[in-house]
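# Coordinates in review
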There are 2 protein chains.
Amino acid sequence: MDPIVIVGGDAAGMSAASKLKRERPEREVIVFEKGAYVSYAACGMPYFVKGAVDSLDDLVTITPEAFVEERGIDLRLHHEVVGIDPEEHAVVVEGPDGRTTQSYDQLLVATGAHAVVPPFDGMDLDGVFTMHSLPEADAVRDYLASAEPESVAVVGGGYVGIEMAEAFHAHDVEVHLFEMLPHVMAPFGETVADHVEEHLREQGVDLHLNTAVERFVGDDRVAGVDVGDRVFDADLALVGVGVAPNTDLAESAGIELGETGAIATDAYGRTSRSGVFAAGDCAEARHVVTGEPDHVPLALTANRAGRAIGQTMAGDETPVGDIAGTAVVKAFDLTAARTGVIDEERAREAGFDPVSVTITASSRAHYYPGAEELTITLLGDRDTGRVLGATMVGREGVAKRIDTVAVALHEGATAEQLSYYDLAYAPPYSPVWDPVLTAAKVLDGNVG
Amino acid sequence: MDPIVIVGGDAAGMSAASKLKRERPEREVIVFEKGAYVSYAACGMPYFVKGAVDSLDDLVTITPEAFVEERGIDLRLHHEVVGIDPEEHAVVVEGPDGRTTQSYDQLLVATGAHAVVPPFDGMDLDGVFTMHSLPEADAVRDYLASAEPESVAVVGGGYVGIEMAEAFHAHDVEVHLFEMLPHVMAPFGETVADHVEEHLREQGVDLHLNTAVERFVGDDRVAGVDVGDRVFDADLALVGVGVAPNTDLAESAGIELGETGAIATDAYGRTSRSGVFAAGDCAEARHVVTGEPDHVPLALTANRAGRAIGQTMAGDETPVGDIAGTAVVKAFDLTAARTGVIDEERAREAGFDPVSVTITASSRAHYYPGAEELTITLLGDRDTGRVLGATMVGREGVAKRIDTVAVALHEGATAEQLSYYDLAYAPPYSPVWDPVLTAAKVLDGNVG
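Conventions used here
Residues numbered from 1 in each chain as written. Chains lettered and ligands numbered in written order. Predicted model: local features only at pLDDT ≥ 70, side-chain atom pairs only at ≥ 80, totals over all residues. Heavy atoms only, no water. Helix = DSSP H or I, 4+ residues; strand = E, 2+ residues; numbered from the N terminus. Rg over C-alpha atoms; globule rule 2.2 N^0.38 Å. Buried < 20%, exposed > 50% of the residue type's maximum accessible area, 1.4 Å probe, protein only. Areas by Shrake-Rupley, 256 points an atom, 1.4 Å probe, with all protein chains shown as cover. Lys, Arg positive; Asp, Glu negative; His and termini not counted. Charge placed at Lys NZ, Arg CZ, Asp CG, Glu CD. Salt bridge = Lys/Arg side-chain N within 4 Å of Asp/Glu carboxyl O. Polar contact = N/O pair within 3.5 Å; in protein donor to acceptor, adjacent residues only side chain to side chain. Contact = heavy atoms within 4.5 Å. Buried area = accessible area lost by both parts, 1.4 Å probe. Nonpolar A, V, L, I, M, F, W, Y, C, P; charged D, E, K, R; others polar. Least-squares fit on C-alpha atoms with pLDDT ≥ 70 in both. Pairing = 2+ DSSP bridges. Axes fitted to C-alpha atoms, helices over the stretch in contact; angles between N-to-C directions. Domains from an automatic or database assignment. Core = buried A, V, L, I, M, F, W, Y, C linked by side-chain atoms within 4.5 Å. Expected span 1.5 Å × (residues − 1). Patch = residues over 30% accessible without salt bridge, like charges linked within 9 Å, V, L, I, M, F, W, Y side chains within 5 Å. Phe/Tyr/Trp six-rings, centres within 6.5 Å; stacked < 30°, edge-to-face > 60°. pLDDT = per-residue confidence, 0-100. Disulfide = S-S within 2.5 Å.

## Quick word on the overall build of chain A
Looking only at helices and strands, one finds 12 helices and 25 strands in chain A. The C-alpha radius of gyration computed for chain A amounts to 23 Å, which stays within 12% of the reference 22 Å derived for 448 residues, consistent with globular compactness. The C-alpha extent of chain A, read off along each of the three principal axes, is 65 × 55 × 40 Å. Expressed as a percentage of its 448 residues, the buried residues of chain A come to 58%. Of the roughly 17100 Å² of accessible surface on chain A, 44% is carried by carbon and sulfur atoms. Taken together, the 31 basic and 75 acidic charged side chains of chain A have centroids lying 6 Å from each other.

Here it is in structure tokens:
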């Protein structure tokens, strides 16, 4: 039997390979990875740049050697798959020793995503970085140490931009954050954005909203950011304006993409071509609230889908699972979190009649030291009362509180049901009515 | 129309009164409270004794004056209801001006619970306390200040005992904790107990397990604790061996009690006598896992049931809601939490075939500063895979993580479903696979 072939050795690919070998140790599993790293914690890179994590090695969960020796995976680094022939069940691979063809029994496309490179002049200047791989993180930290920048420009106010602003700020440099939209962190909604923006300014970040960068200026090295009517000094620039799925390989093999632009998949991660699966940042997944395909490139989705596909390839059909778009971001001393559908326009498109409530409550018993204000927005459907999504922001107790709502979304719970959950209470951790329950009560009074 | 009468002015009673007046401002609502305080945060008392909370006033959420003036409730402090005549729809009340009779249209019995007083000799010595009311908390703090004890005995290793051990320890006194069972915190199971016991000892608490106190010794003041084969010095003793529901009033009126000894109620908080409701620490509630009546006297249950009954009395029938027995306790630097059914024997009695798994995982990404080990035990039913309960213990990230499982219990989720929830991930808050997901995956591999 031909081997099972996996394209890409990050979260989805290595999860699939590991699960497959655990279930079927006798099966030959080849992973082609074009880079030098596998299974690394990309989300940890801002903390490496910040200095909170000492070494890039700390971000490598499992070494390539361990995958080969302990898990029996035929892992080939520096091998890029450049073509798929779904009819012949074969891939074309370019490696250090040239081009070869490898036939497969089943194939997993786990090609990931790439940082969007905006069409600015000056993207090629020294000191201008995107951040989507360990070598890039390493280069940023090196440049910080060697060039000793006084002023850093962060372009883009999403996750990466916010986390990198914090990272640079820790090095005592002036930080400018440029966002072309009226608010940072669009997927978290305006209430969260208001809190995060105020906090960034308190921390001393120079926040430039509604500000489109036109180009970077400088000779060999970046020296400034031109926003049209003004040029800001910048000795280092970090561009984080989003990621896009790596779909060229799949597309050229005639594998269908979905409306989001990522690879279309069914509930088991199967693509439009027989024997070919896709998972991770390159693939769509089904949203638990809308029931529609969506593209939310996050680590858990990739790991979970990879693992499930590994199990399916091993002969035990296993769904990849729905996503709720649950996410959490640390923004200096604030935590911002979201789950589900929180945009009213999008809720209407999905056929709901959205009602939104926002409450503030204490993270702990009001009298307990360290209690902080939490702000929760809950979105529900007016007719059915079903909870559609939530955002939260505050200084503590946010990250895992959002999970309560995430579970409610998976279970299709109404605001009334959510308000009746028996959640944990003790003064150091929560008011008697957890803020989530309070928000649910208020939403329940506005729906149904 | 006769007024609505509420017996007891704590969480359940005042929640009901407040909700009722909000919905039906024209209705006359009389609350009889035998003490001087209403609606206070009993759970905060250990932190008042510890000194983390300055004043008892901080624990009073809403003052009696506010209930009267802002909410229009006819609150009568120092009035004890000594009899109920369900046939005549009347209560007999003893107040400062003598005995009166008050007729009612509907009645809520919210008489709460009391601290169990064990039959020790020496319970009447100065310096021996139980802790179930603000005056008691006040007396303990006064005694600490005036008697300057060198050694304190805490009798009972439940919530109150553990929290009070922490409180006394903060005053630099020697703390002895006596528990007659082999482990502290029985409702949290052995795994949690092992961690808490080790941590208490690390903190310098003298832990005496399997040790039944026989009597307190001393002349006027307590001087020691006699455990049969030895007497330990103690200048102050705090007895926290449990609470029991206050049911005498209800029982003498012919209101049925349940098997737990608390007042039996239906899904709306109705007792066996027409027009009489019961809620809070004196009443049973239905357990969401077993479907059977249970008695778990906790603050949220009381508040929620009181509020629901207030709404029902106002004409809008509202269920009091099921309980999952979710609880969390701070034990010095550890947090211990539980939800659902975690005792295998009890699970079997409820008709399940229990399977239990225990995992340890990191509270944050392994490389992120401050990551701590979390231990989770999940109990599931072998045949159906349904999750029955969970415990957690660790130094951070425990309190609100238990809620994820609590929601799963309310929704009757299986281990597989729990393992598929899209929970929040970012390195400062969680590993990619949240520890709850990891535990669910392991449980899923052992059921079904």
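## Comments concerning the pattern of salt bridges
Tallying each qualifying case throughout the model produces 42 salt bridges over all chains. Ionic pairing is found between Lys400 of chain B and Asp434 of chain A, a salt bridge with its closest N-O pair at 2.6 Å. Taken as a pair, Lys400 of chain B in the loop between β25 (387-394) and α10 (401-410) and Asp434 of chain A in the loop between α11 (415-419) and α12 (435-444) lie in two separate chains rather than in one. Side by side, Lys400 of chain B and Asp434 of chain A carry an identical accessibility label, which is buried.

## Considerations on the side chain of His410 of chain A
Residue position: His410 of chain A is located in helix α10 (residues 401-410). Polar contacts involving the side chain of His410 of chain A include one to the main-chain amide nitrogen of Asp422 of chain B, which spans 2.9 Å.

## Re the interface of chain A and chain B
With 61 residues of chain A at the interface, the matching set in chain B holds 62 residues. When the buried surface of chain A facing chain B is broken down by residue, Lys400, Tyr420 and Asp422 of chain A rank first, second and third, together holding 15% of it. For the interface between chain A and chain B, the tally reads 2 salt bridges. Across the chain A-chain B interface, the total number found is 24 residue pairs in polar contact (both at pLDDT 80 or more). Here the side of chain A that touches chain B takes 8 residues from α10 of chain A, the largest share from any one element. Partitioned by chemical class, the residues of the side of chain A that touches chain B number 37 nonpolar, 12 polar and 12 charged.

## Focus: the relation of the copies chain A and chain B
With an RMSD of 0.0 Å, the operation that places chain A on chain B is a rotation of 180° combined with a shift of 0.0 Å along the axis. What the superposition gives is, in effect, a two-fold axis relating one chain to the other. For chain A, the minimum C-alpha distance to the rotation axis belongs to Thr404 of chain A and amounts to 2.6 Å. A share of 100% of interface residues in chain A that are also interface residues in chain B marks the association as one of identical surfaces.

## Some words on the sheet that holds strand β23 (residues 354-362) of chain A
Residue and element names in this part refer to chain A. The strand order across the open sheet built from 5 strands is β21-β22-β25-β24-β23, with neighbouring strands paired in antiparallel fashion. At either margin of the open sheet sits one strand with a lone partner, and together these are β21 (327-331) and β23. Between one strand axis and the next, the sheet turns by 15° as a mean value, whatever way the strands run. Pairing geometry for β21 and strand β22 (residues 334-340), over 5 bridges, is antiparallel. In the strand pairing of β22, Val328 is matched with Ala337. Against the sheet, helix α6 (residues 189-202) contacts β21, β22, β23, β24 (373-381) and β25 (387-394), and its axis sits at roughly 165° relative to β22.

## Notes on the environment of Pro297 of chain B
Residue and element names in this part refer to chain B. If you trace the backbone, Pro297 turns up in the loop between β20 (293-294) and α8 (299-313). Of the residues examined, Pro297 reaches a relative accessible area of 28% and is grouped as partly exposed. With 249 residues separating them along the chain, Pro297 and Phe48 place their C-alpha atoms 21 Å apart. The residues contacting Pro297, other than those within four sequence positions of it, are Val243 and Asp281.

## Considering the domain arrangement of chain A
All names here are of chain A. Parsing chain A into structural domains produces domain 1 (4-114 + 244-313), domain 2 (117-241) and domain 3 (333-444). Here domain 1 and domain 2 have C-alpha centroids that lie 30 Å from each other. On the domain 2 side, the residues contacting the 17 residues of domain 1 number 18 residues. Of the roughly 1500 Å² buried between domain 1 and domain 2 on both sides combined, carbon and sulfur atoms contribute 69%. The largest share of the area that domain 1 buries against domain 2 comes from Met45, Val49 and Lys50, three residues that together contribute 39% of it. For Glu166, the salt bridge identified is with Lys50, shortest N-O distance 2.6 Å. Along the contact surface separating domain 1 from domain 2 lie 8 residue pairs in polar contact (both at pLDDT 80 or more).

## Here we look at the nonpolar core
Leu378 of chain A together with Leu378 of chain B are the most contacted members of the largest nonpolar core, which totals 86 residues. Counting residues in each nonpolar core, the second largest holds 52 residues, with Ala137, Leu177 and Phe188 of chain A together with Tyr425 of chain B among its members.

## Describing helix α4 (residues 134-147) of chain B
Residues and elements named next belong to chain B. For α4, which comprises 14 residues, the first-to-last C-alpha distance of 20 Å matches the rise-based estimate of 20 Å (1.5 Å per residue) to within 8%. Of the residues making up α4, those classed as buried are Leu134, Ala137, Val140, Tyr143 and Leu144. Residues of α4 that are buried make contact with α2 (45-50), β9 (128-129), α5 (159-169) and β16 (236-239). Backbone geometry just after α4 places Glu148 at a positive phi near 45°.

## Thoughts on a negative patch on the surface
Judged by side-chain charge, Glu150, Glu174, Asp206 and Asp233 of chain A come together as a negatively charged surface patch. Here Glu150 of chain A shows up in the loop between α4 (134-147) and β10 (151-155).

## A short note on the pairing of strand β4 (residues 80-85) of chain B
Residues and elements named next belong to chain B. Note: β4 against strand β5 (residues 90-95), 5 bridges, orientation antiparallel. Note that in β5 the partner of Gly83 across the bridge is Val92. The turn joining β4 and β5, which pair antiparallel and follow one another in sequence, is formed by 4 residues; a positive phi near 55° is taken by His89.

## Comments concerning the sheet that holds strand β4 (residues 80-85) of chain A
All names here are of chain A. Ordered in space as β4-β5-β6, the 3 strands form an open sheet in which the pairing is antiparallel. Sheet topology places β4 and β6 (98-103) at the edges, where each strand pairs with a single neighbour. Going from strand to strand, the sheet's axes swing by 25° on average, the running direction of each strand aside.

## Observations concerning helix α8 (residues 299-313) of chain A
All names here are of chain A. A rise of 1.5 Å per residue sets the reference length of α8, with its 15 residues, at 21 Å; its end C-alpha atoms lie 21 Å apart and thus fit the reference within 8%. Burial within α8 is extensive, with 14 of its 15 residues counted as buried. Downstream of α8 by one or two residues, Gly315 has phi in the positive range, about 110°.

## Things to note about the packing of aromatic side chains
Taken as a whole, this structure holds 12 aromatic pairs over all chains when the rule is applied. With a centroid separation of 5.0 Å and 85° between ring planes, the pair formed by Tyr47 of chain A and Tyr368 of chain B is classed as edge-to-face. You can see Tyr47 of chain A sitting in helix α2 (residues 45-50) and its partner Tyr368 of chain B sitting in the loop between β23 (354-362) and β24 (373-381), one on each of two chains. Across the pair, Tyr368 of chain B and Tyr47 of chain A agree in class, each one buried. Seen from their ring centres, Phe129 of chain B and Tyr143 of chain B are 5.5 Å apart, and the 70° between their planes marks the pair as edge-to-face.

## A short note on the environment of Gly35 of chain B
Residue placement: Gly35 of chain B occurs in the loop between β2 (29-32) and α2. Ignoring any residue separated from it by four or fewer positions in sequence, one finds Gly35 of chain B in contact with Leu77 and His78 of chain B.

## Some words on the side chain of Arg364 of chain A
Residue and element names in this part refer to chain A. With respect to the helices and strands, Arg364 occurs in the loop between β23 and β24. Judged by its relative accessible area of 19%, Arg364 falls in the buried class. There is a polar contact of 3.4 Å between the side chain of Arg364 and the backbone oxygen of Pro428.

## Re the confidence of the model for chain A
When pLDDT is averaged along chain A, the result is 97; 100% of the residues meet or exceed 70. On the interface metric, ipTM, the complex scores 0.97, and its pTM is 0.97.

## Describing the state of the cysteines
All names here are of chain A. Applying the stated rule across the entire model yields 0 disulfides over all chains. Of all cysteine sulfurs, the one in Cys282 lies closest to Cys43, which takes part in no disulfide; the gap is 16 Å. The class of Cys43 is partly exposed, set by a relative accessible area of 29%.

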